[in-house]
Structures are given as C-alpha cells and as structure tokens.
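# Residue-level structure breakdown
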Amino acid sequence: MIPTSFDYKKANSVEEALSMLGDDTQILGGGHSLIPALKLRLNSPGTLVDISKISSIKEISDGGDSIAIGGGATHASIANDKSLDQYCPMMGQAAREIGDIQVRNVGTIGGSIAHADPAADWPAILLAADARIVVQNKNGSREIAADQFFKGFFETALEEGEIITAIHIPKSQKNSNSCYVKFKQPASRFAIVGVAAAVEMDGSVVKSARLGLTGVGEFAYRATAIENALTGKPLNETTINEVVQNATENTNVMSDHFASEKYRAHLANVYLKRALRKLG
Ligand SMILES: Cc1cc2nc3c(=O)[nH]c(=O)nc-3n(C[C@H](O)[C@H](O)[C@H](O)COP(=O)(O)OP(=O)(O)OC[C@H]3O[C@@H](n4cnc5c(N)ncnc54)[C@H](O)[C@@H]3O)c2cc1C
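Residues numbered from 1 in each chain as written. Predicted model: local features only at pLDDT ≥ 70, side-chain atom pairs only at ≥ 80, totals over all residues.

Let's shift gears to the overall build of the protein chain. Within the protein chain, the secondary structure is distributed over twelve helices and 14 strands. The C-alpha atoms of the protein chain give 19 Å as radius of gyration, which agrees with the globular expectation for 280 residues (19 Å, within 12%). Reported as C-alpha extents along the three principal axes, the dimensions of the protein chain are approximately 60 × 45 × 30 Å. A total of 280 residues make up the protein chain; the buried ones form 44% of that total. Pairs at least 24 apart in sequence give 64% of the contacts found in the protein chain among residues at least 6 apart. (Helix = DSSP H or I, 4+ residues; strand = E, 2+ residues; numbered from the N terminus. Rg over C-alpha atoms; globule rule 2.2 N^0.38 Å. Buried ≥ 20, exposed ≤ 12 C-beta atoms within 10 Å, placed from the backbone. Contact = placed C-beta atoms within 7 Å.)

Here it is as structure tokens:
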C-alpha cells in the first residue's frame, strides 16, 4: 500500500497546470480515487500536477441558460448550492449521498467523471441532465456532450493533457423535474444501482424524458427505449409498470460480490420505477 515515488507540482491556474502536464504526469484533483490507485500501484506517474487549489475551477455560477459547475467543485459545494436545487434537483440529491463528509469535502465532480468508475453517481446524472463538459488543453478548449463522454469501463472521451474545467447543466424548464435514487453499497455508498431521471411534462403527459443508469453496466448509459416509451403518456402507475420492463436492454450487466447480474438487473427496474414514481 505504498505508491512508487513521484514528483509533486502545485498549479495556481489552469494555464500553469497545462504547462506542467506532459509525458508521465497525472492530474491530482481531490485524490480520493487517484491516491488509492497509486497505493495499489495501479498507476505510477512520475509527476502529480495538483489542481486542487485553482480557485477559478471550484466555483458554481449562473451561466444564463445553464448552471456552470467548475471541474474542481467539490461534491459538498454542489450539495449546498441553492441554484442547482432549483434548476436541477437531482444534482444536490446525488451530492448529498456521495460517500461520507470527508469524501464530499475533498472529492470533485471533475475528478469523478474523469475517473469514470462504473459505480460513480455523477455519470448517470450528467447523462440525464444533458450536461456539456468543457475541457481545456494547451491549444484551447472544447465541449463534449455527456452522451459522448462516457465510453467504457473507466474510459472517457478525455484526451492526454486535457483538464475538465467546467460542467454546464441546462436549467430545467418550468414543467420539468428530476430526481436521483440509488441502492448503495453500505460502506462506501457507491451505487450498486443508481438512477437519474429527468422529465419534461406537457400538461399531464410526458413531453420528453432522459434516464441515466449507473452501477449496472461497465459504464453509465441511458435507457433510451424506456425514454421513448414514456413520451406522450401520463406519468402514472399504469404507465410506469407498462414501460419499465427491461432497464438493462443492450447493457452488459455486471456481477460482483455485491450483486449478481440477475439481482442488479432486477434492481435497475425497481429503482427506475421508484425514480419515475417520485416525479409522477
Ligand atoms: C470512501 C469513499 C467513498 C466514496 N463514495 C462515493 C460515492 O458514494 N459515489 C461516488 O460517485 N463516488 C464516491 N467516491 C469517489 C469520490 O467521489 C472521488 O472523489 C471521485 O471519484 C474522484 O474525484 P477526485 O477529485 O478525488 O479525483 P482524483 O482522485 O484526484 O482523480 C481521479 C482521476 O481523475 C483525474 N482528474 C482529476 N481531476 C481532473 C480534472 N479536473 N480534469 C481532468 N482529469 C482530472 C485524475 O488524473 C485521476 O485520473 C468515494 C471515494 C471514497 C474514497
């Protein structure tokens, strides 16, 4: 449980961090995923570039039609943000259920999505929120839709030398609501199954729905067949039971010592129904 030796550099701005990144370097955010990986020697970078003191990427601000969350914002700052509770309630609900207070005070949303643990909460929520992820490299910045960001088991669209500087969460419309529910691993509180649901209503029927699931497969995904089946229907018990038949369609369901494949698939349906009932 002792990492290989490494150099440590602390950056005071994104530009300084980018200038420090190169061969054999790795970004250090809150360190709650990276430090355990170093101790297990799953990673052994020559230099860590610490971005945790860069204040410009820690803020949460109103970006007009969206809320801009800095890539270095902690889970705790998201949990305490009133504008997110107003415009995207599932964000605060999820943040308040991540790990324990130490993890929430230090772990960051950028670190979480860069790491892309299949049991992490944020990937499902960013998919359901239709978030846009802003990344910066030495040559400029680019935006990646959440739908394009999560590529596989601990795999994202992030390229070498890129820092996640912001996550834009579109403000929900008047007739919209969202929620996050999870069946959690009791010690770590990682999701065994987590469901993020966002719906926009047109009167009494669903105009559109986005449903993100985490913990189930090798990476977070949207239950698009169920989203489509919900559209145009009233959000009541009959509809929910009719459309939520198989929340794991087209997904390679994981099996481990916490939950078998069959149990996880069952939980995915149960928790998807719970999320939709909360919004109905
Ligand atoms: C006991 C415990 C319980 C936990 N429970 C939960 C839980 O319930 N739900 C949950 O979702 N997570 C949970 N976590 C994970 C936690 O949320 C981590 O904080 C998070 O996964 C990683 O964020 P970090 O800032 O600590 O990143 P780090 O560990 O510093 O970095 C992780 C990876 O992301 C890269 N990185 C970091 N920041 C950036 C950036 N801005 N741009 C680009 N790359 C970056 C690093 O190079 C590294 O590869 C738990 C962790 C622990 C230790």
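As a further point, take the sheet that holds strand 3 (residues 47-50). Read across the sheet, three strands follow the order 1-3-2 without closing on themselves; strand pairing throughout is parallel. For this open sheet the edge positions go to strand 1 (7-10) and strand 2 (25-28), each flanked by a neighbour on one side alone. Neighbouring strand axes in the sheet, compared pairwise and without regard to direction, differ in orientation by 25° on average. (Pairing = 2+ DSSP bridges. Axes fitted to C-alpha atoms, helices over the stretch in contact; angles between N-to-C directions.)

Next up on the list: the nonpolar core. Among the nonpolar cores identified, the biggest contains 86 residues, and Ile125 and Val195 are the most heavily contacted of them. No other element matches strand 12 (residues 191-202), which puts eight residues into this core. If sequence neighbours within four positions are ignored, Val195 has contacts with Ala124, Val181, Leu211, Leu213, Tyr271, Leu272 and Ala275. (Core = buried A, V, L, I, M, F, W, Y, C linked by C-beta atoms within 7 Å.)

On to the sheet that holds strand 5 (residues 66-70). The five strands lie next to each other as 4-5-10-6-7, forming an open sheet whose pairing is antiparallel. On the outer flanks of this sheet lie strand 4 (60-62) and strand 7 (140-145), each paired with one strand and no other. Each adjacent strand pair in this sheet contributes to an overall mean axis angle of 25°, direction not counted. Inspection of the sheet shows strand 5 paired to strand 10 (residues 163-170) by five bridges, in the antiparallel sense. Counterpart to Ile69 in the pairing with strand 10 is Ile167.

A few words now on unusual backbone geometry. Positive phi is not limited to glycine here, since Arg41 has a value of about 60°. Along the chain, the position of Arg41 falls in the loop between helix 2 (34-39) and strand 3. The class of Arg41 is exposed, set by 11 C-beta atoms lying within 10 Å. Backbone geometry places Asn250, a non-glycine residue, at a positive phi of 65°. Structurally, Asn250 can be placed in the loop between helix 11 (237-243) and helix 12 (261-279).

In the vicinity of the ligand lie 31 residues, with Gly29, Gly30, Gly107, Gly110 and Gly111 positioned nearest. Contributing elements (two or more residues each) for the shell around the ligand: strand 2, helix 7 (109-115) and strand 10. With five residues, the single largest contributor to the shell around the ligand is helix 7. Residues of the shell around the ligand, tallied by class, amount to twelve nonpolar, 16 polar and three charged. (Near = placed C-beta within 6 Å. Nonpolar A, V, L, I, M, F, W, Y, C, P; charged D, E, K, R; others polar.)

Moving on: helix 12. An ideal rise of 1.5 Å per residue puts 27 Å on 19 residues; helix 12 measures up with 27 Å between its terminal C-alpha atoms. Within the span of helix 12, buried status applies to Arg264, Ala265, Leu267, Ala268, Tyr271, Leu272, Ala275 and Leu276. Taken around the axis of helix 12, the buried residues stretch over an arc of 165°, which confines them to a single face. (Expected span 1.5 Å × (residues − 1). Arc of directions from axis to C-beta.)

Splitting the protein chain by domain gives domain 1 (7-50), domain 2 (56-170) and domain 3 (176-279). For domain 2 versus domain 3, the distance between C-alpha centres works out to 20 Å. At the interface, 23 residues of domain 2 touch 27 residues of domain 3. Elements supplying a minimum of two residues to the side of domain 2 that touches domain 3: helix 5 (89-95), helix 8 (122-129) and strand 8 (150-152). (Domains from an automatic or database assignment.)

Looking at the secondary structure, you find Gly212 in strand 13 (residues 205-214). Taking C-alpha positions, Gly212 is 9.9 Å from Asp130, a pair spaced 82 residues apart along the chain. The residues touching Gly212, leaving out its near neighbours within four places in the chain, are Ala124, Ile125, Leu127, Ala128, Ala196, Ala220 and Arg222.

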